[in-house]
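Report on the structure
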Amino acid sequence: MSTVPNTASEAGTDSAAGVLLAQTPKSDKILQNVIPVTTLVLTIALWQLLVTINEIPRYILPSPVDVAIALFTDSSTLWPAMMVTVKITLMALALALVGGVGLAILLVQSRLLELALFPYAVVLQVTPIIAIAPLLLIYAPDTQTALLICAFLVAFFPILSNMAQGLKSVDHNLLNLFELYGASGWQTLFYLKIPASMPYFMAGLRIGGGLALIAAVVAEFAAGSAGQGSGLAFRLIESQYRMNLPRMFVCLIMLSAIGIIIFGLTSLISWLVLHRWHESAIRREN
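Remember, predicted model here, so these are calculated numbers, not experimental data.

This part covers helix H4 (residues 111-126). The end-to-end C-alpha distance of H4, which contains 16 residues, comes to 23 Å, matching closely the 22 Å that a straight helix rising 1.5 Å per residue would cover. Along its length, H4 reaches its greatest deviation from straightness, about 35°, at Leu117, and the proline Pro119 lies no more than four positions downstream.

Dropping the structure here:
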């Protein structure tokens, strides 16, 4: 029995498969945007329906409409508080970047410094920030400085440890090649180790950005700072004491939005740095 392939049908099948494969990335991208938005809309609608049907009072569970109204009516109080929280978070993250990267370079370049300093960095990381905050409130010149130090300490270690690990994870064959061509230690650092450590550094940056926000909020909880310079954490506590649940929900939404924006920006920076050469950011066809 002869097995002659049906050329026309195979060509048609291959053509259809090609069209399907060509459309798949676009359809996946649409689904990635549509499904989360649809889920959010359905969740809000279900929330509103639950509160309306059961006639739940605002002081127990506010409706999405109540939260939206509170967002506009309390904007004169909440937006300045949000800016205070954002300012502390970004300043702490910037200091953690400078300190973490600088110290990681020093530790990798000097084994003696690594043995002397790295264990104490670990101690600072594993100590709960809420236990450090009262001491910082005593010794810091003002509350804002204490909050900044708390956020810095929490964001510092992930950046330090990831950067140090990246600097140590360079291919030994490349290190031998640099040695063969007589490169100095600093040339090897700037032209090989630092570029090779970028994926690790970007992971530490994303982690540190989220932790800086968390630490700023937790430190403000511990400090209980009030007044014009207070952030969203104090406004959250204040709303709890006053049983103003719509404002509490607004504060939570604002804090979540800040965290999402920080994560998005750090992910964008990571993609811009890595997408041309690193496997984690290159789009694969299979």
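On we go from here.
To continue, consider the nonpolar core. If you look at the biggest cluster of nonpolar residues, it comprises 24 residues, and the most contacted ones within it are Leu160, Met163, Leu167, Met198 and Phe201. Mapped onto this core, the elements with two or more residues apiece are helix H3 (75-109), helix H6 (143-168), helix H8 (185-196) and helix H9 (198-223). When neighbours within four sequence positions are excluded, Met163 is seen to be in contact with Val101, Ala104, Ser197, Met198 and Phe201.

Residue Glu55 is not a glycine yet carries a positive backbone phi of 50°. Within the element layout of this structure, Glu55 appears in the loop between helix H1 (7-54) and helix H2 (64-73). Using a relative accessible area of 68% as the deciding quantity, one classes Glu55 as exposed. The residue Met243 is not glycine, and still its phi comes out positive at about 55°. Locating Met243 in the fold gives a position in the loop between helix H10 (232-241) and helix H11 (245-274).

UniProt's feature table lists "transmembrane region" (unreviewed entry) at residues 30-53, 88-108, 115-139, 145-162, 212-237 and 249-274, given in the numbering used throughout. Helix makes up 100% of residues 30-53 and strand makes up 0%, while its end C-alpha atoms are separated by 34 Å. The span residues 145-162 is 100% helix and 0% strand, and its two end C-alpha atoms sit 26 Å from each other.

The next thing to look at is a nonpolar patch on the surface. Nonpolar side chains collect at one region of the surface, where Ile261, Leu265, Leu268, Ile269, Trp271, Leu272, Val273 and Trp277 lie side by side and expose about 760 Å² of accessible area between them. In this structure, Trp271 sits in helix H11. Judged by relative accessible area, which is 43%, Trp271 ranks as partly exposed.

Moving on: the packing of aromatic side chains. In total, this model carries four aromatic pairs according to the counting rule given. Where Phe118 meets Phe157, the ring centres are 5.9 Å apart and the plane angle is 40°; that geometry is what we call tilted. Taken together, the residues Phe118 in helix H4 and Phe157 in helix H6 connect sequence positions 39 residues apart. Residue classification places Phe118 among the partly exposed residues on the basis of a relative accessible area of 26%.

Calculation notes
- Residues numbered from 1 in each chain as written.
- Predicted model: local features only at pLDDT ≥ 70, side-chain atom pairs only at ≥ 80, totals over all residues.
- Heavy atoms only, no water.
- Helix = DSSP H or I, 4+ residues; strand = E, 2+ residues; numbered from the N terminus.
- Expected span 1.5 Å × (residues − 1).
- Bend = angle between axes of the 7 residues up to and from the residue.
- Core = buried A, V, L, I, M, F, W, Y, C linked by side-chain atoms within 4.5 Å.
- Buried < 20%, exposed > 50% of the residue type's maximum accessible area, 1.4 Å probe, protein only.
- Contact = heavy atoms within 4.5 Å.
- UniProt positions renumbered as here; feature names shortened; annotations may be inferred.
- Patch = residues over 30% accessible without salt bridge, like charges linked within 9 Å, V, L, I, M, F, W, Y side chains within 5 Å.
- Areas by Shrake-Rupley, 256 points an atom, 1.4 Å probe, with all protein chains shown as cover.
- Salt bridge = Lys/Arg side-chain N within 4 Å of Asp/Glu carboxyl O.
- Phe/Tyr/Trp six-rings, centres within 6.5 Å; stacked < 30°, edge-to-face > 60°.

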